[in-house]
Protein chains: 2
Amino acid sequence: MVTIKDVAKKADVSVATVSRVINGLGGVRPATEERIRKAVEELNYLPNVIARSMVMKRTETIGVIVPDIANPFFPEVIKGIEEQARDSGYTLFLANTDESVEKERQLLHALRERRVDGLIVTTADEQHSPLMDLELGGLPVVLVDRHIQDSPYDSVVIDNVDGAYTAIKHLVTTGHTKIGLIAGPDHVTPGRERTEGYVQALRDFEIPARDQYMKEGDFKEESGYQLGKELLSLSDPPTAIFSANNLMTLGLLTCIRDQGRELGKDIVVVGFDDLDIATFVDPPLTVVSRPMRQMGEIAADMLVERIQGKTFPEPRKVILIPRLIVRSPDRVE
Amino acid sequence: MVTIKDVAKKADVSVATVSRVINGLGGVRPATEERIRKAVEELNYLPNVIARSMVMKRTETIGVIVPDIANPFFPEVIKGIEEQARDSGYTLFLANTDESVEKERQLLHALRERRVDGLIVTTADEQHSPLMDLELGGLPVVLVDRHIQDSPYDSVVIDNVDGAYTAIKHLVTTGHTKIGLIAGPDHVTPGRERTEGYVQALRDFEIPARDQYMKEGDFKEESGYQLGKELLSLSDPPTAIFSANNLMTLGLLTCIRDQGRELGKDIVVVGFDDLDIATFVDPPLTVVSRPMRQMGEIAADMLVERIQGKTFPEPRKVILIPRLIVRSPDRVE
DNA sequence: AGTATTAATGTAAACGTTTACATAGTAATT
DNA sequence: AATTACTATGTAAACGTTTACATTAATACT
């Protein structure tokens, strides 16, 4: 491997001078610079970032920890992070926890050893994140999508209450009063908050909440199917159903088809999070959509600020507002 | 930051001894080791991998370059890579080229500067990959999904010919003789080879290939829609259509619905690559599916072997066989 | 032309490890 | 008890940069 010394020798200068032109610090005579550039070129010299990191005490590197890279949400977020981070000269370490706290702990360890300048993480467990009991020694961290209560970290999340509220409001204003809910688990924020939005909207529009219209699922496809079936077979079934995430929406749609109900006519569906088939089903699906890419961008920006030493009296919490994408009349007769 | 020196001082030994216990090299008296471990613990010492890389001349790091992380194929591949790589102690740098050769060049440069021990890449352009004109200085590289002609790199790809052949064979054995093709672009391997499989199968089963049944798309959804329309409006339309990738299949399905044709009855569809909606449409879709995860695992394994210095007379090319997932009778009356 | 000033370049320490080699300590052998 | 043979530990160089500081060369000023 050719080093800065080889270049120096070839250009007949000292390593300091070579370093100066490589880093564009100026104060080098044009003729000298020319000679050095030629040497770099001819020797095919590639600066060793590792050695540089060593003395600079920073690696220009960001660790990204996600619970499931196969969930379409995260690739979009990562895209946002990457683009923004790259603009600031950072490269990403990517790691996948598979929703396992233990893996999260190991990955955190590995990335800290690698001396990342900062971390962007969606923790596997809001309640027992290793981020909390680990001694991070001031390493900047930004949380994405999942907020950790009382943590000292910045975070960028979605206003789940608002998202759900808007969805229900849409259904109410299109004439529905019998609105079912397929909720997420109550012990995680997205689950709890989306239910909260539903309840709040009903209250505001003075629609009595009926217990039998509210079913709690687990964010998995199967529960959407199952709970959809329960809702549809009520003696007085809802005319519309709000499903709290994409997978459950998928299950719900399958259920509706299997039950021989007609979408948009017998039953109207609005889901949280957009999905591929939303534009494919007939009529297309109205959904609550999140700015995933933007979440990544913001997270990266906030992290870079922290890395650059900016401080704030409180951890920052950016709450983005989801958008309702109306794709159908969704009217009730 | 606490360093090995601090530990040494606290445990009243030399840094060499500390290094020995950290790396488990043995030859240290139990009492001494105990003292050192305690010091490590108390000081919360975290070895600096950067410094280690410096002297070891390897970073235990792999660069992964993909053209589009939002394409569901890649997260699966990455999962496979990551799992396998982690077992061997490697951490991944992830980078996204957005199908841009220029970005690929930049990323290659950045990762080489970072001294990755090896690269796994799906190049943005098989014909003009920067991997070919760049002086990589013997850096191990494994190609995934897209093979580069005459390159010195190992690769793991799919037998596209076989995949398409199997799909057509399935259609023939379920009674179809009028089989349409929505092909991928002829200038990229997956496009060309899948068409080849189609043609070969027809020949083997002695079904005359009709020009008007073969339409070339661009792997995008819209072309699936458009070409589907063309095929369906022929005076003697095919009874089955093979679509060469997931997005075009999606377009085709939308088209079929819009045209008021009944899937599985008026027209049978088989697609290359599985998709979410395959199990959702009625009847569910028969598809050619690839072992994405496995592709990643194999790529990682091959790369690690190369990193460890294994050599082979020829670049290795692993060709995986796709699997036909039959989800419907797909019979023709 | 000689000095003062500024611009260009060089020297060497530092970053935090690993490891070859040297040294000190301990146990075994006579 | 003295020598030998290990075993445990320490010393210092090396990895490839950056940069404070020292030095030298070039330019400006009288």
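Residues numbered from 1 in each chain as written. Chains lettered and ligands numbered in written order. Predicted model: local features only at pLDDT ≥ 70, side-chain atom pairs only at ≥ 80, totals over all residues. Heavy atoms only, no water.

Per an unreviewed UniProt entry, chain A is named LacI family transcriptional regulator, and its organism is Marinithermofilum abyssi.

Details of the relation of the copies chain A and chain B
Least-squares fitting of chain A to chain B yields an RMSD of 0.1 Å, with the superposition described by an axial translation of 0.0 Å and a rotation of 180 degrees. Between the two chains, the operation in question is that of a two-fold axis. Residues of chain A ranked by C-alpha distance from the rotation axis are headed by Phe 93 of chain A, positioned 2.3 Å from it. Interface residue correspondence from chain A to chain B reaches 100%, placing this contact among same-surface, isologous pairings. (Least-squares fit on C-alpha atoms with pLDDT ≥ 70 in both. Contact = heavy atoms within 4.5 Å.)

A look at the protein's contact with DNA strand C
Neighbouring DNA strand C are 28 residues, the closest being Ser 14, Arg 29 and Thr 32 of chain A together with Ile 4 and Ser 19 of chain B. Backbone polar atom of Ser 14 of chain A to a phosphate oxygen of DNA strand C: 2.5 Å apart, as the coordinates give it. Here a phosphate oxygen of DNA strand C and a side-chain polar atom of Ser 19 of chain B are 2.5 Å apart. Of the residues forming the surface near DNA strand C, the biggest block, five residues, is contributed by helix α4 (residues 49-56) of chain B. Of the residues assigned to the surface near DNA strand C, the class counts are 15 nonpolar, eight polar and five charged. (Near = heavy atom within 4 Å. Polar contact = N/O pair within 3.5 Å; in protein donor to acceptor, adjacent residues only side chain to side chain. Helix = DSSP H or I, 4+ residues; strand = E, 2+ residues; numbered from the N terminus. Nonpolar A, V, L, I, M, F, W, Y, C, P; charged D, E, K, R; others polar.)

Observations concerning the side chain of Glu 126 of chain A
Mapping Glu 126 of chain A onto the fold places it in the loop between β3 (118-121) and α7 (130-133). Separated by 2.4 Å, the side chains of Glu 126 of chain A and Thr 189 of chain A make a polar contact.

With respect to helix α3 (residues 30-43) of chain B
All names here are of chain B. With 14 residues, α3 extends 20 Å between its outermost C-alpha atoms, agreeing within 8% with the 20 Å of an ideal straight helix rising 1.5 Å per residue. Buried within α3 we find Thr 32, Ile 36 and Ala 39. For α3, the angular spread of buried residues about the axis comes to 60 degrees, placing them on one side. Relative to its buried face, α3 has exposed residues pointing more than 90 degrees away, namely Pro 30, Ala 31, Glu 34 and Glu 41. Where α3 is buried, its residues meet α1 (4-11) and α2 (15-22). Two residues or fewer past α3, Asn 44 is found with a positive phi of approximately 60 degrees. (Expected span 1.5 Å × (residues − 1). Buried < 20%, exposed > 50% of the residue type's maximum accessible area, 1.4 Å probe, protein only. Arc of directions from axis to C-beta.)

A word on the packing of aromatic side chains
All names here are of chain A. Taken as a whole and judged by the stated rule, the model has five aromatic pairs over all chains. Note on Phe 73 and Phe 74: the rings are 4.9 Å apart at their centroids and 80 degrees apart in plane angle, and the pair reads as edge-to-face. Aromatic side chains Tyr 165 and Phe 205 sit 6.3 Å apart centroid to centroid with 40 degrees between the ring planes, which places their arrangement in the tilted category. Note that Tyr 165 is positioned in helix α8 (residues 160-173) and Phe 205 in the loop between α9 (189-204) and β7 (214-216), a separation of 40 residues in sequence. By relative accessible area, which is 31% here, Phe 205 ends up partly exposed. Across the ring face of Phe 312, the terminal group of Arg 316 is positioned such that the distance to the ring centre comes to 3.8 Å. (Phe/Tyr/Trp six-rings, centres within 6.5 Å; stacked < 30°, edge-to-face > 60°. Lys NZ or Arg CZ within 6 Å of the ring centre and 35° of its normal.)

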